[in-house]
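Fold and geometry: a report
Letter by letter, the chains look like this.
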Amino acid sequence: MFGLAIIGKGAIDLFNRICRLASISAAVLSLAAKPSSWTRPTRMVLARQILFTGYDAIGFIAVVAMLTGISVVVQAQVWMGRLGQSELLGPLLVTVIVREVGPLLVSFIVIGRSATAMAAEMAGMKVRREVEVLDAQGLDPLIFLVMPRAISMALCIFGLVMLFVLFSFVSGYLSGAFLQTGPTDPAIFGRSVIRGMQARDFYNVLAKTLLPGLVIGVIAASEGLSVEGVATDVPQAVTRAVTRSILAVLFISVVVSILTYM
Amino acid sequence: MQELTPILEFKDVSIHSGSLHITGFSNVDFSLNRGEVALIMIEEGREHIPLAPLAQGLLTPDSGKVYFNGKCWEEASPGRQSLMRGRIRRVFEHYGWVTNLDIMENLCLAESHNTQRPMEEIRQEVCSLARRFGMDGVPDARPTRVHSLLLRKLEWVRAFVGTPDLIILERPFAGAPKADATRLLDAVCEASLRGVAVLWIADDLRVFEGRGMVNVRRFRMSGDNMLAEDFKRETNT
């Protein structure tokens, strides 16, 4: 009975957390749709967050994408060639890079690079009572702190995934051509990839980038803001933000993948 | 004659000391009209009396009601509350800065968020107020890089930017050079004449002695209660 009670309590806690996350995300989207929310300071926060989460991460994403492209594309070319299924190279690369590896890897990089910083920043602001300072000046923390960060996360993950896909295909093609495992004509490689894409891949990528981005932003900000004025709680809030963001990204990825194949 | 709505009104407000590290009080009643200054003397050792958070609707009283411009904070929606707080400026008793913004951004923050005034105009007003309070200009740095004495005076600047309905000064001389007291008192007098209500929470009223200020009401927190004191002396000249 005791074990059952623990499982039940865990389930109720999880359900409550998901409801809270969903309600904050809905509030963020609703506020973002109102032009009056986008005051000058809010636009400034959005721009800075895009700079930090998106622009500053391009170099790192490019390196990871190129390494991923080399290992995945070359291996795919070798094995498809051995199996005599070279015409399936495009669909396979789209499935692996565009649908799965790209969104997941970029989301994890953004969690490690930006969500941790965001959670620590929010928690630090809470500890130093800066959130109260903002609130006292008529700046709603949800509008000024959470909304632009969550929206920027969504936009940046989408943009970074597009770059990731581009860099990994280019590096994959170049390494394949260099090692002579794939076509040397870029047009053949490009046509193969484009033929492998379908309309549902577009929706899949949108769902696997915008949604996790929004959720990561909301989780990081809300975990940071949940700290109750004690500096020693900051690292714990960051840890919670990372683990919960990773779980949320994987959960969303699985659900969207299932829906894509249904 | 139409009755004027007070800018700030405490009606039988009580709050108990709790886990929020605040000093409680009971049955506080007072109102503050446009152009009035309320000086509230806090006894030594009774700091952290949450009058400012209550006046801004950031804290809910255990009993009683707090009204701003005739609207009860508890009855206002969160969006409306933010708009109402946008009409209030405050010098904070605690650290009152956002550390990831620089000083100028901090000083312009409320005005640029709550109004449509051009940024250049706000910046010019900030620089003008800084000069008025005896500073050469606004430091081009984040708050953590600025000396606390200067930060205190910069908080004065922020409190007077724009045209608020209410200015809350929580022990504004704490950590500030006493030599600059006159500058702040002058600014308060001018704001009062423009119709701004001022709630001044102080722990030392000596600075006001011999000082002619109009429309000043004086209170003292004594025990758990707030008592109105004789304020004839301040209402002359």
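Going by the structure above, here's the rest.
All values reported here derive from a predicted model rather than from experimental measurement.

When the parts come together, some accessible area is lost, and that loss is often what is quoted as the size of the interface. With 22 residues of chain A in contact, the opposing surface of chain B contributes 32 residues. Across the chain A to chain B interface the summed buried area is about 2,100 Å²; carbon plus sulfur atoms make up 53%. Remark: the boundary between chain A and chain B carries 3 salt bridges. For Asp135 of chain A, the salt bridge identified is with Arg85 of chain B, shortest N-O distance 3.2 Å. Applying the counting rule to chain A against chain B returns 11 residue pairs in polar contact (both at pLDDT 80 or more).

Further remarks concern the sheet that holds strand E8 (residues 197–202) of chain B. Residue and element names in this part refer to chain B. The sheet built from 6 strands is open, its strands ordered E6-E7-E8-E3-E9-E10 with mixed pairing. Unpaired on one side and paired on the other, strand E6 (88–91) and strand E10 (225–228) mark the two borders of the sheet. The mean inter-strand angle of the sheet, taken between neighbouring strand axes irrespective of direction, is 20 degrees. Two strands pair when backbone bridges link them, and strand E9 (residues 216–222) and E10 are joined in this way by 4 bridges, in the antiparallel orientation. Across the sheet, residue Ser222 finds its bridge partner in E10, namely Asn225. The strands touched by helix H5 (residues 148–160) within the sheet are E6 and strand E7 (166–170), with E6 carrying the most contacts at an inclination of about 170 degrees.

With that out of the way, let us pick up the pairing of E8 of chain B. Residues in a regular strand point their side chains to alternate faces of the sheet. Residues and elements named next belong to chain B. Of all 6 residues that make up E8, 6 are buried, and the element is covered over most of its length. Of the two faces of E8, the one holding Ala197, Leu199 and Ile201 and the one holding Val198, Trp200 and Ala202 are both buried throughout. Note that strand E3 (residues 37–41) and E8 share 5 bridges and pair parallel. Counterpart to Met41 in the pairing with E8 is Ala202. Judged from the 5 bridges that link them, E7 and E8 form a sheet pairing that is parallel. Following the sheet pairing, Glu170 is matched in E8 by Ile201. Considered for its hand, the β-α-β crossover made up of E7, helix H6 (residues 181–193) and E8 is right-handed.

Parameters at a glance
- Residues numbered from 1 in each chain as written.
- Chains lettered and ligands numbered in written order.
- Predicted model: local features only at pLDDT ≥ 70, side-chain atom pairs only at ≥ 80, totals over all residues.
- Heavy atoms only, no water.
- Contact = heavy atoms within 4.5 Å.
- Buried area = accessible area lost by both parts, 1.4 Å probe.
- Salt bridge = Lys/Arg side-chain N within 4 Å of Asp/Glu carboxyl O.
- Polar contact = N/O pair within 3.5 Å; in protein donor to acceptor, adjacent residues only side chain to side chain.
- Pairing = 2+ DSSP bridges.
- Helix = DSSP H or I, 4+ residues; strand = E, 2+ residues; numbered from the N terminus.
- Axes fitted to C-alpha atoms, helices over the stretch in contact; angles between N-to-C directions.
- Buried < 20%, exposed > 50% of the residue type's maximum accessible area, 1.4 Å probe, protein only.
- Right-handed = clockwise from strand over helix to strand, strands pointing away.

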